[in-house]
Amino acid sequence: MGWNKSFKTLIALVLMLCLVPGISLANEETLIPMGDSIGIQMDLSGIYVTSDVKVSQQEWLKKGDIIRQLNGTDTKQLVHFERALQKDSATMILDVLRNGKNETIEADRSLIKRVTPFLKDRTEGTGTLTYVDPESGTYGALGHQIIDSTLQSAPSFEKGAIYLSEISQIKKSSPGIPGYKISSIIDQNNLLGNIQINNVYGIFGHWKKANNKVLAEPLEIMQPFELMIGPAEIYTTVEGSTVEKFTIQITKIEEEQFHILLTDQKLLSKTGGILQGMSGSPVIQNGKFVGAITHMFVDEPEKGAALFLKTMRTNEK
């Protein structure tokens, strides 16, 4: 009887704890919201052709081709291609990957030397760091996939890294014309983390632990059903390398995303709305970390869409 009474008391206590607001039996997952402007660099999986270019009287390299070899020499980087060009040979044999198929192209020496400006082995860009998880040593950024502007596709890459960047100028957004940040990497020798994944939910990788000293306090991740129409705030960088907080409104809630409206007059006067490069800016409501800005509405740049952090977090692997 004594054991049975204690068991009933325990059950009652558990039920009471579950019903009291703010008390949970399980530890809520937390992440550190960031908002820093980052420079992104990705070394591509080979040399990509960025435009159709003639290499002989009958042959062309096509946009999107990947040059694998030149005269039997592997050309994983532009420097390899340039070295192979220096070898004395009347004709140049190119092994390329085109639309998933291997092809061999014979090129004139005089024409192949003009190809270099139409080749690339790296893609670069700028964005915003969304979160860091010091427990797992990982980070997430952008909230959307990196699409190479020249190739107009998500490129295959060998390796990549993110760096802290500094904003020097801003081209303001206006209806129909997206604005953008003009920024540069502060220290090329001090990477924040590597890039392991580039998918439709963002870029993800390992966080360099030496940077933990700059991290703020973690916030609890908000469940999507907790989000409410109304005021919230974003963390982002619009000047130098300083992360600032700005007010917004949550205007619409959908299954995997929600809509926002910039309301902070200081931010609007400086940017005109959401900028290219603000993707990944953390969204906070009622002290909880709910998501990240991913897109702007071009015709109404003060409006945009954001991805739920739960969705982004689930797809970082």
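Quantities reported herein were computed from a predicted structural model and do not represent experimental measurements. (Residues numbered from 1 in each chain as written. Predicted model: local features only at pLDDT ≥ 70, side-chain atom pairs only at ≥ 80, totals over all residues. Heavy atoms only, no water.)

Another aspect to go through is the pairing of strand E18 (residues 244-253). Relative to E18, strand E17 (residues 230-236) is paired through 7 bridges, and the arrangement is antiparallel. Within E18, the residue paired with Tyr-235 across the bridge is Lys-245. When E18 meets strand E19 (residues 257-262), the two strands line up antiparallel, connected through 5 bridges. Directly across from Lys-252, in E19, lies its bridge partner His-259. (Pairing = 2+ DSSP bridges. Helix = DSSP H or I, 4+ residues; strand = E, 2+ residues; numbered from the N terminus.)

On to helix H2 (residues 78-85). Residues of H2 that are buried include every one of Leu-78, Phe-81, Ala-84 and Leu-85, and no others. Down the axis of H2, the buried set is contained in an arc of 125°. They therefore lie on one face. (Buried < 20%, exposed > 50% of the residue type's maximum accessible area, 1.4 Å probe, protein only. Arc of directions from axis to C-beta.)

The next thing to look at is the confidence of the model for the protein chain. When pLDDT is averaged along the protein chain, the result is 87, and 91% of the positions lie at 70 or above. In the model, residues 1-26 has pLDDT below 50 throughout and makes 4 contacts with residues more than four positions away in sequence or in other chains. (pLDDT = per-residue confidence, 0-100. Contact = heavy atoms within 4.5 Å.)

Turning our attention to the packing of aromatic side chains. Here the structure, examined in full by the defined rule, presents 1 aromatic pair. Aromatic side chains Phe-258 and Phe-308 sit 5.1 Å apart centroid to centroid with 50° between the ring planes, which places their arrangement in the tilted category. Taken together, the positions of Phe-258 in strand E19 and Phe-308 in strand E23 (residues 300-308) put the pair 50 residues apart, joining distant regions of the chain. Accessibility assignment for this pair places Phe-258 and Phe-308 in one class, buried. (Phe/Tyr/Trp six-rings, centres within 6.5 Å; stacked < 30°, edge-to-face > 60°.)

Neither face of strand E21 (residues 282-285) is open: one carries Pro-282 and Ile-284, the other Val-283 and Gln-285, and all of them are buried. In textbook terms, the turn of a hairpin is the stretch between consecutive antiparallel strands, and for E21 and strand E22 (residues 288-297) this stretch comprises 2 residues, one of which, Asn-286, has a positive phi near 55°.

All right, on to the pattern of salt bridges then. Enumeration over the complete set of coordinates arrives at 15 salt bridges. Glu-239 is paired through a salt bridge with Lys-270; the nearest N and O atoms lie 3.7 Å apart. Pair noted here: Glu-239 is in the loop between E17 and E18 and Lys-270 is in helix H4 (residues 265-271), with a separation of 31 residues, a long-range link. Owing to a relative accessible area of 33%, Lys-270 belongs among the partly exposed residues under this scheme. Look at the salt bridges and you will find they share partners, linking Glu-29, Asp-133, Lys-310, Arg-313 and Glu-316 into a network. (Salt bridge = Lys/Arg side-chain N within 4 Å of Asp/Glu carboxyl O.)

The next thing to look at is the sheet that holds E19. Taken in spatial order, the 6 strands of this closed barrel run E17-E18-E19-E23-E22-E21, and their pairing is antiparallel. Taken over all neighbouring pairs, the strand axes of this sheet differ in orientation by 45° on average, direction set aside. (Axes fitted to C-alpha atoms, helices over the stretch in contact; angles between N-to-C directions.)

A separate point is the environment of Gly-205. For Gly-205, the position within the fold is in strand E15 (residues 202-206). Not counting chain neighbours up to four residues away, the residues in contact with Gly-205 comprise Gly-137, Thr-138, Tyr-139, Asn-194 and Gln-196.

This paragraph deals with the side chain of Asp-148. Its place among the elements puts Asp-148 in the loop between strand E10 (138-141) and strand E11 (157-171). By relative accessible area, Asp-148 is classed as buried at 1%. At 2.7 Å, the side chain of Asp-148 and the side chain of Lys-120 are in polar contact. Each residue touching Asp-148, except ones within four places of it in the same chain, is listed here: Lys-120, Thr-123, Ser-153 and Pro-155. (Polar contact = N/O pair within 3.5 Å; in protein donor to acceptor, adjacent residues only side chain to side chain.)

Within soluble globular proteins, side chains that are nonpolar generally end up buried alongside one another. If you look at the biggest cluster of nonpolar residues, it comprises 22 residues, and the most contacted ones within it are Ile-234, Ile-248, Ile-250, Phe-258, Ile-260, Leu-262 and Val-283. Listed by contribution, the elements that provide at least two residues to this core are E17, E18, E19, H4, E22 and E23. In terms of nonpolar packing, the next biggest core, distinct from the first, is built from 19 residues, Ala-84, Val-96, Ile-112 and Val-115 among them. (Core = buried A, V, L, I, M, F, W, Y, C linked by side-chain atoms within 4.5 Å.)

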